[in-house]
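# Descriptive structure summary
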Amino acid sequence: MSGTTEIRPFRVDMHDEAIADLRRRIAATRWSSRELVDDRSQGVQLATIQELARYWAAEYDWRACEAELNALPQFTTEIEGVDVHFIHVKSPHQDALPLIMTHGWPGSVIELLGAVGPLTDPTAHGGSAGDAFHLVLPSIPGYGFSAEPTELGWYAGRVAQAWAELMRRLGYTRYVAQGGDQGAAVTDAMGRQAPEGLAGIHMNLLVTALGGGAMPADTEQERAALEQTKTFRASGFGYFLEQATRPQTIGYALLESPVALAAWMLDHDTDAYYKISRAFVDGQPSGGLTRDHILDNITVYWLTGTGASAARSYWESGRAQALAAGQAPPPVKLPVGFTTFPGEIFRAPRSWVELGYPTLSYFHEAARGGHFAAWEEPELFATEIRAAFSPLR
């Protein structure tokens, strides 16, 4: 029934034929010749993608991921005509602080699973009961197990509004929000909208520095960050530009070929790419970035057929920015926490973060981790979240 606010239990149960079809399509891949360079400057390297494909078709077990997801409480609810999937894990500690965390691209709720235990049950992970969170992990509309939007307008700001409605629907009258990558854009929007009950936000990607505006370059840290953003725009921006301008075009490849989907998702940032490549080629995973976890995430996109709809979220964000050109966004008046991880696309200096968020209440430079911090270093990531929101308890 359209317009319902019902919250429905959800389980993942993919058909055997869909998995068999995936393996057939991998086997039928027509391979490109080897790149003409010894690094990733021409894109995903042949040795990396061929080893990924071999493992995916011959050894990877999707049912293990399915079981891990189904061991967690999953639900769907309709918000503005879209069925939104979310994981909702309540802490055993009744006074836990509710937290909604938003994944990014090319991630999904899969990238956040390792942090569920440390955040909801900190006493089992070296923390105290006072560090606990009730955790809500939604899938952005058009990603994974959430339905695809059938109308325009699902940019980060609208997702932020949907998340506020979701938390209200779950009965949370006071909560905090966190996000990285696309999730950082959603969380930033939540902070600017300041829905009733939102007490603070934390991010690990500085979206305010990615809009192309001039940033200070007076200190050594600022100059280094500026050079990193220039490198990203010069040689790491391909996926971003394509999805922001032609998501439908790349979408055909993402739904037709699992190897094309995997290569597209691997070609994100240099740090993450080489870590993932080592996991497959050298058998040396970086923390939670194991072969199985990487393929769990890619397989979610494949089996749900959401490669194109996820790419459209970039187009939606670009359209929203164009419509708002020349208008200053509302300021964030809530407490803001920020963690910069050393392997991120750029290491955001504190001065840049304060420029975008004058209410910055927590800033830390982590010792390890990259763009997929929650995935790669879940325990460290959880420690950052606890510290950032500790003053709000």
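Structure: above.
An account of the accompanying structure is given in this report. (Residues numbered from 1 in each chain as written. Predicted model: local features only at pLDDT ≥ 70, side-chain atom pairs only at ≥ 80, totals over all residues. Heavy atoms only, no water.)

What follows concerns the overall build of the protein chain. Looking only at helices and strands, the protein chain features 16 helices and 9 strands. Since a compact globule built from 393 residues should have a radius of gyration of about 21 Å, the 20 Å found for the protein chain is in line with a globular shape. If you line up the protein chain on its principal axes, its C-alpha atoms span 55 × 55 × 45 Å. Looking at the 393 residues of the protein chain, the share that counts as buried comes to 56%. Residue pairs in contact within the protein chain that sit at least 24 positions apart in sequence constitute 77% of those at least 6 positions apart. Approximately 16,600 Å² of the protein chain is accessible, and the part contributed by carbon and sulfur atoms is 52%. (Helix = DSSP H or I, 4+ residues; strand = E, 2+ residues; numbered from the N terminus. Rg over C-alpha atoms; globule rule 2.2 N^0.38 Å. Buried < 20%, exposed > 50% of the residue type's maximum accessible area, 1.4 Å probe, protein only. Contact = heavy atoms within 4.5 Å. Areas by Shrake-Rupley, 256 points an atom, 1.4 Å probe, with all protein chains shown as cover.)

Attention now moves to the pattern of salt bridges. Scanning the entire structure with this criterion turns up 22 salt bridges. D83 is the partner of R8 in a salt bridge, and the nearest nitrogen-oxygen pair spans 2.9 Å. In this pair, R8 sits in strand 1 (residues 7–9) while D83 sits in strand 3 (residues 82–89), placing the two residues 75 residues apart along the sequence. Look at D83 and you get partly exposed, because its relative accessible area is 32%. Each of E17, D21, R24, R25 and E256 takes part in salt bridges that share partners, so that together they form one network. (Salt bridge = Lys/Arg side-chain N within 4 Å of Asp/Glu carboxyl O.)

Its place among the elements puts Q45 in the loop between helix 1 (16–27) and helix 2 (46–58). Classification of Q45 by relative accessible area gives buried; the value is 12%. When neighbours within four sequence positions are excluded, Q45 is seen to be in contact with E35, D38, D39, R40, Y273 and Y274.

Bringing the layout of surface pockets into the picture now. Considering only enclosed or pocket space, the largest pocket measures out at about 1,400 Å³ in volume. Lining the largest pocket are 46 residues; nearest its centre among them are A185, D188, V207, S317 and Q321. Counting only elements with at least two residues in the lining of the largest pocket, the list comes to helix 5 (156–169), helix 6 (182–193), helix 7 (220–235), helix 8 (238–245), helix 13 (307–323) and helix 14 (350–356). Per element, the largest residue contribution to the lining of the largest pocket is 8 residues, and it comes from helix 13. Tallied by class, residues from the lining of the largest pocket come to 25 nonpolar, 15 polar and 6 charged. Roughly 380 Å³ of internal volume is contained in the second largest pocket. Lining the second largest pocket are 21 residues, and of these R40, S235, G236, D269 and T270 lie nearest its centre. When residues in the lining of the second largest pocket are grouped by element, the largest group, 4 residues, is from helix 7. Within the lining of the second largest pocket, the residues separate by chemical class into 5 nonpolar, 11 polar and 5 charged. (1 Å grid on protein atoms, 1.4 Å probe; cavity = no way out; pocket = protein on both sides within 12 Å on 5 of 7 lines; lining within 4 Å. Points joined across faces, edges and corners; volume = space filled by probe spheres on them. Nonpolar A, V, L, I, M, F, W, Y, C, P; charged D, E, K, R; others polar.)

Take helix 2 next. Count 3.6 residues to each turn of an α-helix, and residues three or four apart come out pointing the same way. For helix 2, with 13 residues, the first-to-last C-alpha span of 18 Å sits near the 18 Å given by 1.5 Å per residue. Buried within helix 2 are the following residues: L46, T48, I49, E51, L52, A53, Y55 and W56. At its buried positions, helix 2 is contacted by helix 1, helix 10 (258–266), helix 11 (270–281) and helix 12 (291–304). (Expected span 1.5 Å × (residues − 1).)

For the rest of this paragraph, the subject is the packing of helix 2 against helix 11. Two elements in contact, helix 2 and helix 11, have axes whose closest approach is 9 Å; the angle formed by their N-to-C orientations is 55°. One element, helix 2, and the other, helix 11, form an angle in the oblique class. Crossing of helix 2 against helix 11: the hand is left-handed. For the pair helix 2 and helix 11, the contacting residues are A47, T48, E51, L52 and Y55 in the first and Y273, S277, F280 and V281 in the second. Partitioning the contact of helix 2 with helix 11 into residue classes produces 6 nonpolar, 2 polar and 1 charged. (Axes fitted to C-alpha atoms, helices over the stretch in contact; angles between N-to-C directions. Parallel < 35°, antiparallel > 145°, perpendicular 65-115°, else oblique. Left-handed = near helix turned anticlockwise from the far one by under 90°.)

This paragraph deals with the nonpolar core. Judged by nonpolar contacts, the single largest core of 120 residues is most densely connected at W62 and I298. A per-element tally of this core places helix 5 first, with 8 residues. For I298, the residues in contact, after removing those within four places along its chain, are L52, W56, L261, A262, M265 and L266. (Core = buried A, V, L, I, M, F, W, Y, C linked by side-chain atoms within 4.5 Å.)

Another point: the sheet that holds strand 8 (residues 336–340). In a beta sheet, neighbouring strands pair by backbone hydrogen bonds and run either parallel or antiparallel. Across the sheet, which stays open at both edges, the 9 strands sit in the order 1-2-3-5-4-6-7-8-9 with mixed pairing between neighbours. Strands at the two margins of the open sheet, each flanked by one partner only, are strand 1 and strand 9 (360–365). When strand polarity is set aside, the average angle formed by the axes of neighbouring strands in this sheet is 25°. Bridge count for strand 6 (residues 175–179) against strand 7 (residues 198–203) is 5 bridges, and the pairing is parallel. Bridged to Y175 within strand 7 is L198. Helix 5 rests against strand 1, strand 2 (74–79), strand 3, strand 4 (97–102), strand 5 (133–138) and strand 6 of the sheet, and its axis sits at about 120° to strand 2. (Pairing = 2+ DSSP bridges.)

Right, let's talk about unusual backbone geometry for a bit. With an omega of 5°, the peptide bond between W105 and P106 qualifies as cis. Following the sequence through the fold, P106 ends up in the loop between strand 4 and helix 4 (116–120). Not every positive phi belongs to a glycine, and D181 is a case in point at roughly 55°. Locating D181 in the fold gives a position in the loop between strand 6 and helix 6.

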